[in-house]
Amino acid sequence: MIVELGHFALVLAFVVAAVQGTLPLAGAHYGVAPLYRLALPAARLQFLLLVLSYAALSAAFLQDDFSVRYIAQHSSAALPTYYKLAAVWGAHEGSLLLWILILGAWTFAVTLFNRGLTEVFLARVLAVMGLVAAGFMLFTLATSNPFERLFPAAAAGRDLNPLLQDPGLTIHPPMLYMGYVGFSVAFAFAVSALLDGRLDGRWARWSRPWVLAAWVFLTIGITLGSWWAYHELGWGGWWFWDPVENASFMPWLVGTALLHSLAVTEKRNAFKGWTVLLAILAFSLSLLGTFLVRSGVLVSVHAFASDPERGVFILLFLVVAVGGSLALYAWRAPRIRSTGVFDFLSRENLLLINNVILLVTMFTILIGTLYPLALDALGLDKISVGAPYFSAVFVPLMLLAALAAGVGPAVQWKRSSPHPLLRRLRAPLAVALVAALVLAAVFGDGVSPGVFIGAAAGSWVLLTTALNLGRRLRRDGPRGGLRSLPLSFYGMSTAHLGLALFIFGVTFSSAYSEEKMVHLQDGQSVELAGYKFVFEGVADREGPNYMSKEGRVGVFRGGEPVAVLHPERRTYRVQSDAMTEAAVDASPLRDLYVAMGEEVEGGRREVRVYYKPLIRWIWLGAMLMALGGVLSASDARYRVARRAVRADSARADGSARAGGAA
Amino acid sequence: MNRYNWIVVVFVLLVALLAAGLRLDPTRVPSPLVGKPMPPFSAATVHAPQRVVGDGQLPGPALVNVWASWCAACHHEHPVLLALANDLRVPIYGMNYKDRREDAVAWLGRLGDPYIFSVFDGDGRIGLDWGVYGVPETFVIDADGVIRYKHIGPLDDDDVEQVLLPLLADLGAGRAR
């Protein structure tokens, strides 16, 4: 019964979303107030219905209702309660429902935090989001209904994929979806602004906190995914350039570019058309990612069970949503006039360079991801593009980005004269080069060029960011101290520091990691990077829905005990997959990582040990970037600014209605 | 033609590519062994540890199905194999991959045995030669012992109807259909 209620709530939500997506648009176009005023209550009702629908599916999971096909396939009675709730988004159908719920939540948030928006503009934003929601709900109901009953009911569930039974992974998809779907707000703002015909600094100021929020979630989501892969796949890797990873990374790159170009649009009233395009692109890439993951066109560890019918539907949706908004852009963009003027050497140009680097990076990844598909479609060959390609194009581009990140904040808006700039940057450049030389020499035997360049880039970003912060504090500080600078400045500095740490982490962990794979008997040991790993045997342990062989590995350095690690080999009862749970001794400067494999002949076990210097810095850096986003989004400017525009927006509202849609 | 139309053009090309991609099956990885004679082996069977069989004792056209008692997908495809063997009289040889003999015997006893015999490959050495990387896998071999086709993953009725049976008929397996 509760399942049917959930299904019914989803159908109702679809109807409401369809109303929300159409009537208010017409109302906004013809200036009919009763119609465009529908948008707000419809958006709230739609969210309420989605919460009901989602709660119903979760309740059915908790009750082990195996008469529901989706639950029978992805849960089991023995699954711990926490994972039952996480299993709701453990596969295609339920994760789609989560996607829609999150879209509903973002829409609901827009209905709450919209001070300063005109009523007409708000109606357009909500309508665009309603159209997106209606499309996804139709997709769910028509091709991927999680509420479908199974007759006869299954006696037992087939359990959640063991790979997904990990705390890090359970929160990875919701975070990622918060990011993906969050870009829909900026997308809706951009489309509404194009429809409205008035693009100005206010539009950028409204969009920016939403973009920051979505970007923060996406950053956290990707980081969690990377951390999970490191921990759970048992190979000590943290990024695999898998098509689905790329699908999440491309919107991130465009989102990052969007953040930077929004700064220019907001403060300097320049790059307007470009910023709108980026806003459309960020969400379009989220949709493209959805298509790649769920249609089965690409092989990936993440891909859901493929179904051509689903693929056709999403492709059609992609054509309507992305094609429609791009066509609107191509039609309206020629009328957008940017008024800000700037010299060659100006912050505007540096941010443009940042945008170009990020976009080029995105395109190289897009090409690498779609190239195998193109070859296959032309019947030429079956290939896969792997890490060598991506590393070769990604690393140099990121070095350029790091260079720009050091220069950009030191340059003034509008125009900068080269001499003071050079004087200012000379010292950090020299120090960064020397520091890199020292670091590379201390860590390795001899200086390797790759490590030198990476360490120089990291030091450069670190030093320039710190110097810039210090200079601003000296200039504005004496009176107000630390609080005299806006939060968004701290946000930028934190995010750039995160970039620096990330570069250090990637450079040193990829250059100086060591690994060994050995077969060990109880009591035997292996030496790696000055550490001695003693294999002390295996014990049986029983989990709620799995059996585990738990190894015990003592780690010593110079005879002193460092850690005791417990790598596991789990066999899940229902799906009988063997899973590796690596054990990690983490510290800021290095990780010691032990993964245990199968038993080999003679009672010995395959044991892999890894030494990974500075690998934590990769995730720490990414988390600092996210923290920077949070700080920027909390900047008082957005709250104050909204209050300030309220007055003149009332006037604008009247003129919009009188003139209809420009 | 305004200067922004290229964006729409790029998008149309992308959609065309994705639409073409939808009609392809990315999991179909061609095996380098297709068109080559089956790799030689010599091993005991699951049911009789003393009985040693080799590649010469697999007269084609026939199917060679790689399975294991620990493999959930094998459980799933088992009824399809039983139907093939019992109703359509297609000869199927099993290759019991990285398994324990007693588990394998019990599994066949419980679910039914579609195989003429199953080669016991407990340590996976034969599987290595055959390029097995996931269980189940199914090879089609012809009368000369040449591998003609390889299917990865569990077989379903569509695979049987649309691929295996026509291919076996071509290879002259008169009894198939």
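Residues numbered from 1 in each chain as written. Chains lettered and ligands numbered in written order. Predicted model: local features only at pLDDT ≥ 70, side-chain atom pairs only at ≥ 80, totals over all residues.

Peer 1: In this structure, what is going on with the overall build of chain B? I would like to understand it.
Peer 2: Helices and strands together make up the secondary structure of chain B, namely five helices and seven strands. The globule rule puts the C-alpha radius of gyration for 177 residues at 16 Å, and the 20 Å found for chain B is more than 25% above it. Each of the three principal axes of chain B carries a C-alpha extent, and together these read 80 × 35 × 30 Å. When contacts within chain B are restricted to residue pairs at least 6 apart in sequence, long-range pairs at least 24 apart make up 72% of them. (Helix = DSSP H or I, 4+ residues; strand = E, 2+ residues; numbered from the N terminus. Rg over C-alpha atoms; globule rule 2.2 N^0.38 Å. Contact = placed C-beta atoms within 7 Å.)

Peer 1: Sorry if this is basic, but what is going on with the environment of P409 of chain A here?
Peer 2: You can see P409 of chain A is positioned in the loop between α14 (387–407) and α15 (418–443). Not counting residues up to four positions away in its chain, the partners in contact with P409 of chain A are N468 and M492 of chain A.

Peer 1: Explain the packing of helix α6 (residues 92–112) of chain A against helix α7 (residues 119–143) of chain A to me, please; I cannot follow it from the model alone.
Peer 2: Between two packed helices, what matters for the description is the angle formed by their axes and the separation of those axes. Residue and element names in this part refer to chain A. Between α6 and α7, the least distance of the axes is 10 Å, while the angle of their chain directions is 165 degrees. The angle between α6 and α7 falls in the class roughly antiparallel. In this structure, the crossing between α6 and α7 has a hand that is left-handed. Counted together, L96, L97, W99, I100, L103, G104, T107, V110 and T111 of α6 and V125, L126, M129, V132, A133, F136, M137 and T140 of α7 form the full contact between these two elements. (Axes fitted to C-alpha atoms, helices over the stretch in contact; angles between N-to-C directions. Parallel < 35°, antiparallel > 145°, perpendicular 65-115°, else oblique. Left-handed = near helix turned anticlockwise from the far one by under 90°.)

Peer 1: Sorry, what's going on with the sheet that holds strand β6 (residues 137–141) of chain B here?
Peer 2: Adjacent strands of a sheet form backbone hydrogen bonds with each other and so pair up, either parallel or antiparallel. Residue and element names in this part refer to chain B. Read from one edge to the other, the open sheet built from five strands follows the order β5-β4-β3-β6-β7, with strand pairing classed as mixed. Each edge of the open sheet is held by one strand with a lone partner, namely β5 (118–121) and β7 (147–152). Averaged over all pairs of adjacent strands, the angle between strand axes in this sheet comes to 20 degrees, irrespective of strand direction. (Pairing = 2+ DSSP bridges.)

Peer 1: It is not clear to me how helix α1 (residues 2–30) of chain A should be interpreted in this structure. Could you clarify?
Peer 2: At 3.6 residues per turn, the α-helix brings residues three or four places apart onto the same side. Across its 29 residues, α1 of chain A extends 42 Å between first and last C-alpha, which sits within 8% of the 42 Å expected from 1.5 Å per residue. A positive phi of about 70 degrees marks G31 of chain A, the residue just after α1 of chain A. (Expected span 1.5 Å × (residues − 1).)

Peer 1: Please clarify how the sheet that holds strand β8 (residues 583–586) of chain A should be interpreted in this entry.
Peer 2: All names here are of chain A. Read from one edge to the other, the open sheet built from four strands follows the order β1-β10-β9-β8, with strand pairing classed as antiparallel. Strands with a single pairing partner mark the edges of an open sheet, and in this sheet they are β1 (514–520) and β8. Across this sheet, the average inter-strand angle for adjacent strands is 15 degrees, counted without regard to direction. Pairing between β1 and strand β10 (residues 604–613): seven bridges, direction antiparallel. What sits directly across from V518, in β10, is V607.

Peer 1: What am I meant to see in the packing of helix α3 (residues 39–62) of chain A against α6 of chain A here?
Peer 2: All names here are of chain A. Between α3 and α6, whose axes approach to 9 Å, the crossing angle comes to 150 degrees. For the element pair α3 and α6, the recorded crossing hand is left-handed. Facing L40, A43, R44, Q46, F47, L50, S53, Y54 and L57 of α3, the residues of α6 in contact are G94, L97, I100, L101, G104, A105, T107, F108 and T111. Split by residue class, the contact of α3 with α6 holds 11 nonpolar, six polar and one charged. (Nonpolar A, V, L, I, M, F, W, Y, C, P; charged D, E, K, R; others polar.)

Peer 1: Even after reading the chapter, I still don't get unusual backbone geometry, so can you show me in this structure?
Peer 2: Residue and element names in this part refer to chain A. Note that the residue after F151, namely P152, is joined by a cis bond; omega there is -5 degrees. With respect to the secondary-structure elements, P152 resides in the loop between α7 and α8 (167–196). Although it is not a glycine, D64 sits at a positive phi angle of roughly 55 degrees. The residue D64 is located in the loop between α3 and α4 (69–74) in this model. We classify D64 as partly exposed; it has 17 C-beta atoms within 10 Å. (Buried ≥ 20, exposed ≤ 12 C-beta atoms within 10 Å, placed from the backbone.)

Peer 1: Quick question: what am I supposed to make of the pairing of strand β4 (residues 92–97) of chain B here?
Peer 2: Consecutive side chains along a regular strand alternate between the two faces of the sheet. Residue and element names in this part refer to chain B. Within β4, five of the six residues are buried, leaving the element largely enclosed by the surrounding structure. Read from strand β3 (residues 62–67) through helix α2 (residues 72–87) to β4, the crossover connection turns out right-handed. Two elements, β4 and β5, share four bridges in a ladder whose sense is parallel. Directly across from M95, in β5, lies its bridge partner V119. Note that the unit made of β4, helix α3 (residues 101–111) and β5 has a crossover that is right-handed. (Right-handed = clockwise from strand over helix to strand, strands pointing away.)

Peer 1: Can you help me understand helix α13 (residues 347–377) of chain A in this one?
Peer 2: Residues and elements named next belong to chain A. With 31 residues, α13 extends 44 Å from end C-alpha to end C-alpha; this agrees with the ideal 45 Å at 1.5 Å per step. At L370, α13 shows its maximal bend, which comes to roughly 40 degrees, and the proline P372 appears one to four places after that position. Once α13 ends, the next one or two residues include G379, with phi positive near 70 degrees. (Bend = angle between axes of the 7 residues up to and from the residue.)

Peer 1: Quick question: what am I supposed to make of the confidence of the model for chain A here?
Peer 2: Residues and elements named next belong to chain A. For chain A, per-residue confidence averages 86 on the pLDDT scale, and residues scoring 70 or more make up 93% of the total. At the level of individual helices and strands, chain A shows its lowest average pLDDT in helix α19 (residues 636–659), which scores 47, and its highest in α3, which scores 96. Across residues 640–662, confidence stays below pLDDT 50; counting only partners more than four residues off in sequence or on other chains, it has 30 contacts. (pLDDT = per-residue confidence, 0-100.)

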